[in-house]
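# A structural walkthrough
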Amino acid sequence: MKRNYLFFLLFITGILSVFTIIIPSYTELIQLNKKSDIRYLNGYNQYNKKCAFCHQQDGSGIKDYFPPLYNSDYLLKDKKVVAEVLIFGLMDTITVNGKTYSGIMHPVLGTDQDIADIFNYMYQEFGNNAQSITSLEISTIRQKGKEAKRLEIYK
Ligand code: HEC
């Protein structure tokens, strides 16, 4: 009986140590991995250089002027449209989380890889479901947009 009790105790401490030691260090490892990932770091740096001024570092935006990126329902709709906003800019009236904005968003300057890194950073960090994009997809969307504009001119 005493032995059973001892085994039971060992069993419980075993389970507890999984929760207290292994799981936290695993999540820490993921965090560390993320922070040392060169694409993540580039996304972080580019975002803070090129977007945070208007959309704020935490993606909360500025009331009535700059829409939020944090928990933005606009980001959940169509990832291609969002990529187009970054590549070509936007001058429209849009609704984000029930509020309308009529501003100007300039095209983002940078390589296709920079834009992909910013896109992925934004989707990873701001509570939006983790969509991702590659630099090749950015380059395809850019090319198609250019062709569409060219065709429009010759209409
Ligand atoms: C000078 C201010 C400014 C900067 C800098 C800027 N934006 Fe914007 N952004 C806006 C405005 C204004 C709109 C709304 C445009 C409209 O009303 O047509 C917008 C709209 C958006 C949208 C769609 C709406 C939403 O909130 O979900 C996304 C996505 C976005 N910006 C991402 C970015 C990213 C990423 C960067 C940096 C690479 C960036 N913006 C830099 C002003 C800015």
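Our structure is the block above this text.
Residues numbered from 1 in each chain as written. Predicted model: local features only at pLDDT ≥ 70, side-chain atom pairs only at ≥ 80, totals over all residues.

What follows is about the pairing of strand E1 (residues 90–96). Among the seven residues of E1, zero are classified as buried, and the element is accordingly described as predominantly exposed. Bridge count for E1 against strand E2 (residues 99–105) is seven bridges, and the pairing is antiparallel. The residue bridging Asp92 from the neighbouring strand is Gly103, located in E2. Between E1 and E2, which pair antiparallel in sequence order, lie two residues; one of them, Asn97, sits at a positive phi of approximately 50 degrees. (Buried ≥ 20, exposed ≤ 12 C-beta atoms within 10 Å, placed from the backbone. Helix = DSSP H or I, 4+ residues; strand = E, 2+ residues; numbered from the N terminus. Pairing = 2+ DSSP bridges.)

Since there are 3.6 residues in each turn of an α-helix, residues three or four apart along the chain are aligned in direction. Buried residues of helix H5 (residues 79–88): Val82, Ala83 and Leu86, and no others. Take H5 and look down its axis: the buried residues cluster within an arc of 100 degrees, on one side only. At the C-terminal side of H5, Gly89 shows a positive phi close to 80 degrees. (Arc of directions from axis to C-beta.)

Now for the site of the ligand. Within the structure, the ligand sits among 28 residues, and Cys51, Cys54, Pro67, Gly103 and Met105 are positioned closest to it. Those elements that provide at least two residues to the shell around the ligand are helix H3 (52–55), helix H4 (73–77), H5, E1, E2 and helix H6 (112–125). (Near = placed C-beta within 6 Å.)

Turning our attention to H6. A rise of 1.5 Å per residue sets the reference length of H6, with its 14 residues, at 20 Å; its end C-alpha atoms lie 20 Å apart and thus fit the reference within 8%. Inspection of H6 places Asp114, Ile115, Ala116, Asp117, Ile118, Phe119, Tyr121, Met122 and Tyr123 among the buried residues, and these make up the whole buried set. Taken from the residues just after H6, Gly127 is the one with a positive phi, measuring 70 degrees. (Expected span 1.5 Å × (residues − 1).)

The subject of this paragraph is unusual backbone geometry. When glycine is set aside, most residues are seen to have a negative phi, and most peptide bonds are trans. A positive phi angle is found at Asp64, which is not glycine, with a value near 70 degrees. With respect to the helices and strands, Asp64 occurs in the loop between H3 and H4. Residue Asp64 is classed as exposed on the basis of its C-beta count, with 11 C-beta atoms lying within 10 Å. The phi dihedral of Asn97 falls on the positive side, at around 50 degrees, and the residue is not glycine. Here Asn97 is to be found in the loop between E1 and E2. For Asn97, a count of 12 C-beta atoms within 10 Å puts it in the exposed group.

Function cannot be inferred from these measures alone, as they are strictly geometric.
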